[in-house]
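# Commentary on secondary and tertiary structure
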Amino acid sequence: MQMDSSSDDEDDHRHLVEQNHRKPPSPPAAFDVEDLTSRFRRANFRLQKKYIIAILALLVVLLLFFSVADFRNLFSTSSLKFDSLTDRMKESELRAIDLLRRQQLGLLTAWNRTLRANASDPNQLEDLKSSLFKQISLNREIQQVLLNPHSTGNLIEPEFDFGNASSNGVVYDRCRTVDQNLSQRRTVEWNPRDGKFLLAVCVSGQMSNHLICLEKHMFFAALLNRVLVIPSSKVDYQYDRVVDIDHINKCLGKKVVVSFEEFSNVKKGHMHIDKFLCYFSQPQPCYLDDERLKKLGSLGLTMSKPKAVWDEDTRNPKKKTVQDVLGKFSYDDDVMAIGDVFYAEVEREWVMQPGGPIAHKCKTLIEPNRLILLTAQRFIQTFLGRNFIALHFRRHGFLKFCNVKRPSCFYPIPQAADCILRVVERADAPVVYLSTDAAESETGLLQSLVVLNGRPVPLVIRPARNSAEKWDALLYRHGMEGDSLVEAMLDKTICAMSSVFIGAPGSTFTEDILRLRKDWGSASMCDEYLCQGEEPNVVAENE
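Everything numeric here is computed off the predicted structure, so don't read it as measured data.

Reading guide: rules and limits
Residues numbered from 1 in each chain as written. Predicted model: local features only at pLDDT ≥ 70, side-chain atom pairs only at ≥ 80, totals over all residues. Heavy atoms only, no water. Buried < 20%, exposed > 50% of the residue type's maximum accessible area, 1.4 Å probe, protein only. Helix = DSSP H or I, 4+ residues; strand = E, 2+ residues; numbered from the N terminus. Pairing = 2+ DSSP bridges. Expected span 1.5 Å × (residues − 1). Contact = heavy atoms within 4.5 Å. Polar contact = N/O pair within 3.5 Å; in protein donor to acceptor, adjacent residues only side chain to side chain. Phe/Tyr/Trp six-rings, centres within 6.5 Å; stacked < 30°, edge-to-face > 60°. Core = buried A, V, L, I, M, F, W, Y, C linked by side-chain atoms within 4.5 Å. Salt bridge = Lys/Arg side-chain N within 4 Å of Asp/Glu carboxyl O. Axes fitted to C-alpha atoms, helices over the stretch in contact; angles between N-to-C directions. Parallel < 35°, antiparallel > 145°, perpendicular 65-115°, else oblique. Left-handed = near helix turned anticlockwise from the far one by under 90°. Nonpolar A, V, L, I, M, F, W, Y, C, P; charged D, E, K, R; others polar.

Time to look at the pairing of strand 14 (residues 432-436). Most of strand 14 sits inside the fold, with 4 of its 5 residues counted as buried. Examined bridge by bridge, strand 13 (residues 389-393) and strand 14 share 5 bridges and lie parallel to one another. Looking across to strand 14, one finds that Ala-390 is bridged to Tyr-433.

So this is what it looks like as structure tokens:
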């Protein structure tokens with residue numbers, strides 16, 4: 001029994017010792033729930049940790065991605081900017097090289113001209129000044145082209161702003177208008193005496209000659225204090241169709257000219273020429289033949305025989321003064337007539353000055369009819385623009401006329417083209433207005449040769465009437481369209497309004513244009529006769 005009890009005690013002791021070394025066991029139900037929650041917590045923590053690490057890794061990847069993208073974009077933008085700057089610099093350099101070549105050519109041209117220059121010729125000095133000024137301007141343009149890649153807006157980066165030599169605002173215009181110095185004009189007052197008339201007689205040449213003759217008759221009438229009677233259209237041209245007669249009286253502020261019809265009404269059919277005086281005695285008195293004297297008589301005029309006041313030949317006129325004229329033509333008769341004075345050489349410097357020799361308040365006394373003036377302005381606005389050259393290129397009948405002169409004034413087409421090109425280059429004008437009687441074969445060849453820097457310079461000829469064009473509508477509406485005299489005056493007016501004019505030497509048509517340009521203040525430093533200073537490179541023999 002003791003052995004049994006003893007063994008139970010030892011077992012109990014052993015169990016007690018084990019229980020003392022181990023935590024007391026939990027109830028079975030409670031142990032299962034707590035263990036599961038614990039496991040879930042541990043699993044959730046591990047899962048959350050993985051998610052956090054994954055999210056952080058994703059953020060790092062995204063951050064790296066965008067950082068690299070920004071870096072690439074930055075590099076790409078910098079590269080584009082660099083490429084753009086490089087392209088701009090390359091383009092500017094090429095442009096600058098082209099301009100430098102042009103400058104070199106311009107300087108060489110100027111240099112070659114100085115080698116041929118005549119030191120006493122003011123035109124050649126003006127050409128040299130113009131060339132140098134153009135090269136200075138071109139040099140500034142080259143600088144600007146090279147600086148363009150380094151500019152932002154209108155500002156140049158400081159390290160590239162070297163400044164430039166200033167021209168003090170001076171702009172050199174080679175073909176500027178001529179200063180006419182009107183304050184130094186020498187004039188005579190025109191104060192007609194009551195009932196005293198002077199009949200103008202003009203018979204030499206065509207309309208341009210007659211206008212020059214009429215202008216000189218006005219000077220004589222002013223000196224003699226008489227009203228000037230414009231010739232009748234029955235024996236002369238119809239002046240009021242091409243010239244503004246009323247304009248003359250308005251400029252003087254008094255009645256100084258009258259039409260023949262007005263004179264006839266004043267005299268009421270009793271028209272007698274008390275004194276008919278001739279300025280020229282040779283080749284015939286007053287340059288009148290019997291037929292012209294009969295025409296004057298058909299107007300109802302009675303007259304004494306024309307009488308020469310001195311021995312004077314139209315082929316070799318002598319210079320006369322105002323005192324000479326007053327001494328030979330001063331009479332107290334009511335009606336006087338003086339023969340043709342186109343060739344008269346009376347106070348030439350006085351007569352040829354801007355505005356003429358008579359005191360008045362206008363630019364010029366003899367100017368185109370108002371309708372012609374407006375039509376010319378409309379034509380220029382339609383076809384030519386402000387800056388254009390006008391060329392009077394006379395050919396018909398001019399070959400024989402010029403070849404009896406020494407030197408001749410008739411130029412071969414290729415030589416004429418070279419002369420025109422020099423003026424075009426000097427004036428820097430884009431177009432040339434061509435007033436000519438030349439055949440189409442000549443004008444066609446001329447156009448093919450007038451080429452500057454590879455570009456043809458258009459030669460504009462006034463076109464035939466076209467109802468779709470309105471520039472000539474005024475002439476059409478007033479029945480003046482198709483009149484050769486009106487068209488000639490229209491050509492003159494367009495030429496007189498040009499920036500630069502090239503005239504035909506020896507032509508009174510050209511001389512009348514030069515008179516208008518001088519009086520209107522449009523005369524240019526570049527105005528000249530065609531091939532001025534040159535002789536034709538070939539001249540045919542005379543018959």
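This brings us to helix 11 (residues 370-384). Here helix 11 spans 20 Å end to end across 15 residues, near enough to the 21 Å set by a 1.5 Å rise per residue. In this fold, the buried residues of helix 11 make contact with helix 5 (239-242), strand 14, strand 17 (459-460), helix 15 (473-477), helix 16 (484-496) and helix 17 (508-520). Of the residues that open helix 11, the one with a side-chain oxygen 2.8 Å from the backbone nitrogen of Leu-371 is Asn-369. A positive backbone phi angle near 80 degrees is found at Gly-385, which sits one or two residues after helix 11.

Right, let's get into the packing of aromatic side chains. In total, this model carries 17 aromatic pairs according to the counting rule given. Here Phe-219 and Trp-350 contribute two aromatic rings whose centre-to-centre distance is 5.4 Å and whose plane-to-plane angle is 70 degrees, an arrangement assigned as edge-to-face. Highlighted residues: Phe-219 in helix 4 (residues 207-224) and Trp-350 in helix 10 (residues 348-352), separated in sequence by 131 residues. Across this residue pair, the class does not change: Phe-219 and Trp-350 are buried. With centroids separated by 6.4 Å and ring planes inclined at 10 degrees, the aromatic side chains of Tyr-279 and Phe-329 adopt a geometry described as stacked. Highlighted residues: Tyr-279 in the loop between strand 7 (275-278) and helix 8 (290-297) and Phe-329 in helix 9 (residues 322-329), separated in sequence by 50 residues. Neither Tyr-279 nor Phe-329 differs from the other in exposure class; each is buried. Following the ring pairs from residue to residue traces out a cluster consisting of Phe-220, Tyr-279, Phe-280, Tyr-287, Trp-310, Phe-329, Phe-342 and Tyr-343.

Below, the discussion takes up the side chain of Ser-498. Locating Ser-498 in the fold gives a position in the loop between helix 16 and strand 18 (500-503). With relative accessibility at 2%, the residue Ser-498 sits in the buried group. Engagement of the side chain of Ser-498 in a polar contact is seen with the backbone oxygen of Cys-495, the distance being 2.8 Å. Setting aside its immediate chain neighbours within four residues, Ser-498 contacts Phe-388, Ile-389, Ala-390, Arg-517 and Ser-522.

Judged by nonpolar contacts, the single largest core of 70 residues is most densely connected at Trp-190, Phe-220, Leu-228, Tyr-279, Phe-329, Leu-384 and Ile-494. Top element by residues in this core is helix 4. It accounts for 12 residues. Apart from the residues lying within four places of it in its own chain, the contact partners of Leu-228 are Trp-190, Leu-198, Ala-200, Leu-214, His-217, Met-218, Ala-221, Val-256, Val-257 and Val-258. By size, the runner-up hydrophobic cluster in this structure holds 27 residues, among which are Tyr-411, Val-423, Val-457 and Leu-459.

A word on the pattern of salt bridges. Under the criterion given, the structure shown has 19 salt bridges. Ionic pairing is found between Asp-334 and Lys-196, a salt bridge with its closest N-O pair at 2.8 Å. Of this pair, Asp-334 sits in the loop between helix 9 and strand 11 (335-338) while Lys-196 sits in the loop between strand 2 (155-156) and strand 3 (197-200); the two residues are 138 residues apart in sequence, bridging distant segments of the chain. With relative accessibility at 36%, the residue Asp-334 sits in the partly exposed group. The closest approach of N and O atoms between Asp-483 and Arg-241, which form a salt bridge, is 2.5 Å. With a gap of 242 residues between them, Asp-483 in the loop between helix 15 and helix 16 and Arg-241 in helix 5 connect regions that are remote in the sequence.

Where helix 16 meets helix 17, the closest approach of the two axes is 9 Å, and the angle between their N-to-C directions is 45 degrees. Here helix 16 is positioned oblique relative to helix 17, judged by the angle of their axes. As helix 16 runs across helix 17, the sense of the crossing is right-handed. Taking contact as the criterion, the partners of Ala-488, Asp-491, Lys-492, Thr-493, Cys-495 and Ala-496 in helix 16 are, on helix 17, Phe-509, Asp-512, Ile-513, Leu-516, Arg-517 and Trp-520. Here the residues of the contact of helix 16 with helix 17 sort into 7 nonpolar, 1 polar and 4 charged.

An order of 5-4-3-11-7-9 is seen for the 6 strands of this open sheet, with the pairing classed as parallel. One side of each edge strand has no neighbouring strand; the edge strands of this open sheet are strand 5 (257-258) and strand 9 (307-308). For strand 4 (residues 227-229) and strand 5, the ladder comprises 2 bridges, and the chain directions are parallel. Pairing of Leu-228 across the sheet is with Val-257, part of strand 5.

Spatial relationships are all this shows, so hold off on functional conclusions.
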